[in-house]
Protein chains: 2
Amino acid sequence: MALFVSTFVNKVDRKGRVSVPAPFRAALSNQMPQGIVVFPSFTAAAIEGCGNDFLEQLATSTTAAFDLFSPEQDDLNTLIFSSSHQLAWDPEGRVMLPEEILAHANITEQAAFVGKGRTFQIWEPQALKSHTEEARKRALQNRPQIALRTPEVK
Amino acid sequence: MALFVSTFVNKVDRKGRVSVPAPFRAALSNQMPQGIVVFPSFTAAAIEGCGNDFLEQLATSTTAAFDLFSPEQDDLNTLIFSSSHQLAWDPEGRVMLPEEILAHANITEQAAFVGKGRTFQIWEPQALKSHTEEARKRALQNRPQIALRTPEVK
DNA sequence: TGAGATTCCATTGACGCCCATGTTTTCCCA
DNA sequence: TGGGAAAACATGGGCGTCAATGGAATCTCA
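Residues numbered from 1 in each chain as written. Chains lettered and ligands numbered in written order. Predicted model: local features only at pLDDT ≥ 70, side-chain atom pairs only at ≥ 80, totals over all residues. Heavy atoms only, no water.

K.L.:
Mind showing me how you'd approach the overall build of chain A here?
P.N.:
When helices and strands are tallied, chain A shows six helices and eight strands. Mapped from its N terminus to its C terminus, chain A presents α and β elements in the order β-β-α-β-β-α-α-β-β-α-β-β-α-α. Burial statistics for chain A: of 154 residues in total, 45% are counted as buried. (Helix = DSSP H or I, 4+ residues; strand = E, 2+ residues; numbered from the N terminus. Buried < 20%, exposed > 50% of the residue type's maximum accessible area, 1.4 Å probe, protein only.)

In structure tokens form, the structure reads like this:
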């Protein structure tokens, strides 16, 4: 399954096009249709992104493991599907981010693609910087607890 | 699984390329894609290094669907994924260390690859020397405790 | 017939691949 | 056991390819 790693800052041109980083495209190369799925983050001024398979999985887990999910979780899944956009990239690997999505993340000139493992996010570079700084502080504060939860490499 | 042992100091050429020590490459020979994963250490002016399997495991261990809605819990994972780089080595076994990563470890001319068991680190040789010295002092100070925790040889 | 969207083409710069060289280690055989 | 051949590894540089980006041309729908 797709793995999104690293951070890439790409330019948004006058027409609103952005290149999806080549490694991200490669990670999704086996998917149909060719493209990405985006929806506004519920917790931050950012865009959540993933492959089609992630939505597939979300749909499956909602129905199959119904009991495991709280009603709130189910509501969130509904929100995700309704606010998602499937974006196909053009022959050069660029997508057009919808107006409302851009506005939600305050993106104008540049877009930072941030790998998060099975998913990724798209940020306005400056906003990402301050957000990362806070996350780093929190992580260092919680370091003892978090360290315990880091998967052991076998 | 991969095991990284010993220390190797290699040159960083004008293009920013460094040879990954042959024993380290051999330890990762069964992985796909062929290369290493690096990210800045959170506690030292050094680079953390590992194989792809480390990230795979990190991604798998966190149930993807839940992470989107619990910001505090996956701070560390997010930091790792976003600041990591997958570096494939060329036919000669060299990788290009990204600018930001080099800066974090103050590496310019030489890079010291330090085996740490399941992972490894990359240091600026002088910084490694002083760091090792301090580690030695601490270890001697804590010697009684450490001795007690050393597994018994049967 | 315009405005927006999609496809196509051109440019530039970075990165990956290839070949060459020097040095060290290993191996083989006299 | 010593010397020479061969392999493995680290290193340097040239060059082709591809990704990111900008803009023009074509298309489509109101």
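K.L.:
Just checking my understanding: could you explain the packing of helix H5 (residues 125-141) of chain A against helix H4 (residues 75-83) of chain B for this structure?
P.N.:
Viewed as axis vectors pointing N to C, H5 of chain A and H4 of chain B meet at an angle of 130°, and their least axial separation amounts to 9 Å. Taken together, the axes of H5 of chain A and H4 of chain B lie oblique to each other. Considering how the two elements wind past one another, H5 of chain A and H4 of chain B form a crossing that is left-handed. Together, Thr132, Ala135, Arg136, Arg138 and Ala139 of chain A of H5 of chain A and Asp75, Leu76 and Leu79 of chain B of H4 of chain B make up the contact between the two elements. A breakdown of the residues in the contact of H5 of chain A with H4 of chain B according to their chemical character gives four nonpolar, one polar and three charged. (Axes fitted to C-alpha atoms, helices over the stretch in contact; angles between N-to-C directions. Parallel < 35°, antiparallel > 145°, perpendicular 65-115°, else oblique. Left-handed = near helix turned anticlockwise from the far one by under 90°. Contact = heavy atoms within 4.5 Å. Nonpolar A, V, L, I, M, F, W, Y, C, P; charged D, E, K, R; others polar.)

K.L.:
Even after reading the chapter, I still don't get the pairing of strand E4 (residues 47-50) of chain B, so can you show me in this structure?
P.N.:
Within a regular beta strand, the side chains point alternately toward one face of the sheet and then the other, so they alternate between its two faces. All names here are of chain B. Across the two faces of E4 the burial is the same, with Ile47 and Gly49 and Glu48 and Cys50 all buried. The hairpin turn running from strand E3 (residues 35-40) into E4, its antiparallel successor, is six residues long. Sheet analysis places E4 next to strand E8 (residues 120-123), joined by three bridges and oriented antiparallel. Bridge pairing links Ile47 to Ile122 in E8. (Pairing = 2+ DSSP bridges.)

K.L.:
I tried to follow the protein's contact with DNA strand D on my own but got confused; where do I start?
P.N.:
Near DNA strand D lie 26 residues; those nearest to it are Lys11, Arg14 and Lys15 of chain A together with Arg14 and Lys15 of chain B. Lys11 of chain B is positioned with one of its side-chain polar atoms (N or O) 2.8 Å from a phosphate oxygen of DNA strand D. If you list the elements that add at least two residues to the surface near DNA strand D, you get strand E1 (7-11), strand E2 (17-19) and helix H1 (22-27) of chain A together with strand E1 (7-11), strand E2 (17-19) and helix H1 (22-27) of chain B. Counted by class, the surface near DNA strand D contains six nonpolar, four polar and 16 charged residues. (Near = heavy atom within 4 Å. Polar contact = N/O pair within 3.5 Å; in protein donor to acceptor, adjacent residues only side chain to side chain.)

K.L.:
I tried to follow the sheet that holds strand E7 (residues 110-115) of chain B on my own but got confused; where do I start?
P.N.:
Neighbouring strands of a sheet are bound in pairs by backbone hydrogen bonds; such pairs are parallel or else antiparallel. Residues and elements named next belong to chain B. A sheet is described by the order of its strands in space; here six strands give the open sequence E1-E7-E8-E4-E3-E5, paired in antiparallel fashion. Each end of this open sheet is capped by a strand with a single partner; those strands are E1 and strand E5 (85-88). Put simply, the sheet's adjacent strands are angled 30° from each other on average, direction ignored. Relative to E4, E3 runs antiparallel, the two being bridged by four bridges. Residue Val38 lies in a different strand from E4, and its bridge partner there is Gly49.

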